[in-house]
Number of protein chains: 2
Amino acid sequence: MSKYLSRSVQDYLKAIYSMAQHKAGLIQTTEIADRLTTSPASVTDMIKKLAAKDLVDYTPYKGVKLTKPGLKVATELIRSHRLWEVFLVEKLGYDWGDVHEIAEQLEHVVSDDLTDRLAAFLGHPSYDPHGDPIPDAQGRYRLSNRVLLSQLPRVDGLVKVQGLKTHTQDFTQYLDQLGIVLGTQLDLQGINAFDKSIRAQIAGTDLLIPASIASNLYVSTIQ
Amino acid sequence: MSKYLSRSVQDYLKAIYSMAQHKAGLIQTTEIADRLTTSPASVTDMIKKLAAKDLVDYTPYKGVKLTKPGLKVATELIRSHRLWEVFLVEKLGYDWGDVHEIAEQLEHVVSDDLTDRLAAFLGHPSYDPHGDPIPDAQGRYRLSNRVLLSQLPRVDGLVKVQGLKTHTQDFTQYLDQLGIVLGTQLDLQGINAFDKSIRAQIAGTDLLIPASIASNLYVSTIQ
DNA sequence: ATCAATAATTAGACATGTCTAAATATCTTT
DNA sequence: AAAGATATTTAGACATGTCTAATTATTGAT
Ligand SMILES: [Mn+2]
Ligand SMILES: [Mn+2]
Ligand SMILES: [Mn+2]
Ligand SMILES: [Mn+2]
């Protein structure tokens, strides 16, 4: 049983992991293909290789699920990715919208203790620049009690921006434009039934948050 | 003309660059094969691809030489590699013998401005942990006037350790064992004609430096 | 100048990861 | 339950980078 995993293998595991966070049950071929912008045929090919390495459980025509070892690899990658993102923002001064692609590469650097040393250097941060939790060396992490702005039971009162569901530059630039960053406090005024857009105030200034944003923004209520 | 260069292509360019530093004229197929631990046949294959991309000038049966664009790519890689080595030693606390392999991976991360930001974060260092010069953003660097200990005209008086010719762990561990680090001052006592080993003192303590070490250690004389 | 040793190239193969097009399985609707 | 729509897999191909074995070129010694 070899220990080396190619960059492609790693990216597949990470994709499956992330998709499983947002959905119960098996992850389907087409979902993975969409996520990684490849063909379903390529995904089937790769899935077989992952199953042969015992990194996923594969039910043909149904989908896959990470095994214990597969989950471990994915978690380590997520940890590395998010720590590098913190490094890029905190130490190198990058904007939060510019770090994902670089971390996408840095996460694959293999070394016994690089990730742990990086974590120590950064002061063992618990969240990345997009509000996503950083697993510790044992793979444990705690999700802050956050919910998508679009799924709040009552659109009323103060909430705090806790994270992003998507990390594309299109999205972060949109947020920059609206003046929303991690930690921003929104004073919710109500929801427009017509298009589900949300009325809010930031520091007293009125703001209209489109549904496309609300469904990708995690917030926590402030009691 | 595509801009993307694979990791393999990059490693070949870097290898050719380094070999050209220690030797005049064309770099031969076999030399590259030895350096990268591959077969001469593979090197010939790759050389043709490099030549097709105008990264080397190739004379069949004779050897290769980097072109201007090839030299630029190689220099940027060297710059990135050495900056990462500084980061790993200065910020993450690695030993100088442990950073080469990790930097070998980090150097390939592609981004417009990552290298420049890293350089700024590190305070624009001029030398890496092994004493090798770090090219600036324009590819310029200055070699300190150093010479291999084995090639000193007179083995006598004070010299300062300025760098290593090889960076293998076998070598750095050997140096650690002898108590030699970058900047160590050696008080040279003479050379043993029998095996070219060198007698020296470090801070008053006697030390015998084998020829195998002397031929891989750069020093500068202290007037 | 010729021959043997050395160096380099070519031929043919393989592994990995990807693709398109065709075939097959599953799901959804009537 | 059958048909059509959708999802998945298979077949066959290609690009990249590597290898061994065979062939060819160059070099060095007599
Ligand atoms: Mn990646
Ligand atoms: Mn992130
Ligand atoms: Mn490398
Ligand atoms: Mn170095």
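Please read these numbers as outputs of a predicted model, since none were measured by experiment.

Novice: Describe the protein's contact with DNA strand D, naming the residues involved and giving the relevant values.
Specialist: For DNA strand D, the set of nearby residues contains 21 residues, the closest of which are T30, K48 and Y58 of chain A together with S6 and S42 of chain B. Protein-proximal atoms of DNA strand D, defined as those within 4 Å of the protein, fall in sugar or phosphate at a share of 76%. Taking T29 of chain A, its side chain carries an N or O atom lying 3.0 Å from a phosphate oxygen of DNA strand D. Residue Y61 of chain A places a main-chain N or O atom 2.9 Å away from a phosphate oxygen belonging to DNA strand D.

Novice: Residue-level account of the coordination of the manganese ion (ligand 4), with values.
Specialist: Perfect tetrahedral coordination of a metal by four donors corresponds to 109.5 degrees between them, and perfect octahedral coordination by six donors corresponds to 90 or 180 degrees. Residues and elements named next belong to chain B. Listed as protein donors to the manganese ion (ligand 4) are E85 (OE), D128 (OD) and H130 (ND1); their distances from the metal cover 2.1 to 2.4 Å. Of note, the donors binding the manganese ion (ligand 4) are all from one chain and are spaced E-x42-D-x1-H. With E85 in helix α4 (residues 68-90) and D128 in the loop between α6 (114-121) and β3 (147-148), the pair connects residues that are 43 residues apart, well separated along the chain. In this pair, the class of E85 matches that of D128, namely buried.

Novice: Lay out unusual backbone geometry with the relevant residues and their values.
Specialist: With the exception of glycine, the majority of residues adopt a negative phi angle, and the majority of peptide bonds are in the trans configuration. Residues and elements named next belong to chain B. Within the chain, H124 stands out as a residue other than glycine whose phi angle is a positive 50 degrees. Assignment of secondary structure puts H124 in the loop between α6 and β3. Relative accessible area serves as the criterion here: at 56%, H124 is assigned to the exposed category. You will see that A203, though not glycine, has its phi angle at about 50 degrees, which is positive. Within the element layout of this structure, A203 appears in the loop between β6 (198-202) and β7 (205-209). Relative accessible area serves as the criterion here: at 80%, A203 is assigned to the exposed category.

Novice: Describe the pattern of salt bridges, and please don't skip the residues or the numbers.
Specialist: For the structure on display, the rule yields 22 salt bridges over all chains. A salt bridge links R117 of chain B to D113 of chain B; its shortest N-O distance comes to 3.1 Å.

Novice: Summarise the pairing of strand β4 (residues 157-164) of chain A; cite the residues concerned and give the values.
Specialist: Residue and element names in this part refer to chain A. As defined by bridge partners, β4 adjoins strand β5 (residues 185-191) across four bridges and the pair is classed as antiparallel. Residue pairing in the sheet places G157 in a bridge with L188 of β5. Here β4 runs beside strand β8 (residues 217-221); their pairing, made up of five bridges, is antiparallel. Residue pairing in the sheet places G163 in a bridge with Y218 of β8.

Novice: Describe in detail the pairing of strand β8 (residues 217-221) of chain B, supporting the description with residues and values.
Specialist: All names here are of chain B. By the criterion of burial, β8 is predominantly enclosed, with four of the five residues buried. Sheet analysis places β3 next to β8, joined by two bridges and oriented antiparallel. Residue V147 lies in a different strand from β8, and its bridge partner there is V219.

Novice: I'd like a description of the packing of aromatic side chains, backed by residues and values.
Specialist: Summed over all chains, the structure comprises seven aromatic pairs over all chains. Ring plane angle 85 degrees and centroid distance 5.6 Å describe the contact between W84 of chain A and F87 of chain A, whose orientation is recorded as edge-to-face. Highlighted residues: W84 of chain A and F87 of chain A, both in helix α4 (residues 68-90), separated by three residues, approximately one helical turn. Here the two residues W84 of chain A and F87 of chain A agree in accessibility, since each one is buried. Centre to centre, the rings of F87 of chain A and F87 of chain B are 5.0 Å apart; their planes meet at 55 degrees, and the pair counts as tilted. In this pair, F87 of chain A is assigned in helix α4 and F87 of chain B in helix α4, connecting two distinct chains. Accessibility classification places F87 of chain A together with F87 of chain B in one group, the buried group. In this structure, R117 of chain B packs its charged tip against the face of Y94 of chain A, placed 4.2 Å from the ring centre.

Novice: Lay out the sheet that holds β8 of chain B in plain terms, naming residues and giving numbers.
Specialist: Hydrogen bonds between backbone atoms are what pair the strands of a sheet, whose relative direction is either parallel or antiparallel. The antiparallel open sheet is built from six strands, whose spatial order is β3-β8-β4-β5-β6-β7 (chain B). At either margin of the open sheet sits one strand with a lone partner, and together these are β3 and β7 of chain B.

What counts and what doesn't
Residues numbered from 1 in each chain as written. Chains lettered and ligands numbered in written order. Predicted model: local features only at pLDDT ≥ 70, side-chain atom pairs only at ≥ 80, totals over all residues. Heavy atoms only, no water. Near = heavy atom within 4 Å. Polar contact = N/O pair within 3.5 Å; in protein donor to acceptor, adjacent residues only side chain to side chain. Donors = N, O, S within 2.8 Å, 3.2 Å for Na, K, Ca; no water. Helix = DSSP H or I, 4+ residues; strand = E, 2+ residues; numbered from the N terminus. Buried < 20%, exposed > 50% of the residue type's maximum accessible area, 1.4 Å probe, protein only. Salt bridge = Lys/Arg side-chain N within 4 Å of Asp/Glu carboxyl O. Pairing = 2+ DSSP bridges. Phe/Tyr/Trp six-rings, centres within 6.5 Å; stacked < 30°, edge-to-face > 60°. Lys NZ or Arg CZ within 6 Å of the ring centre and 35° of its normal.

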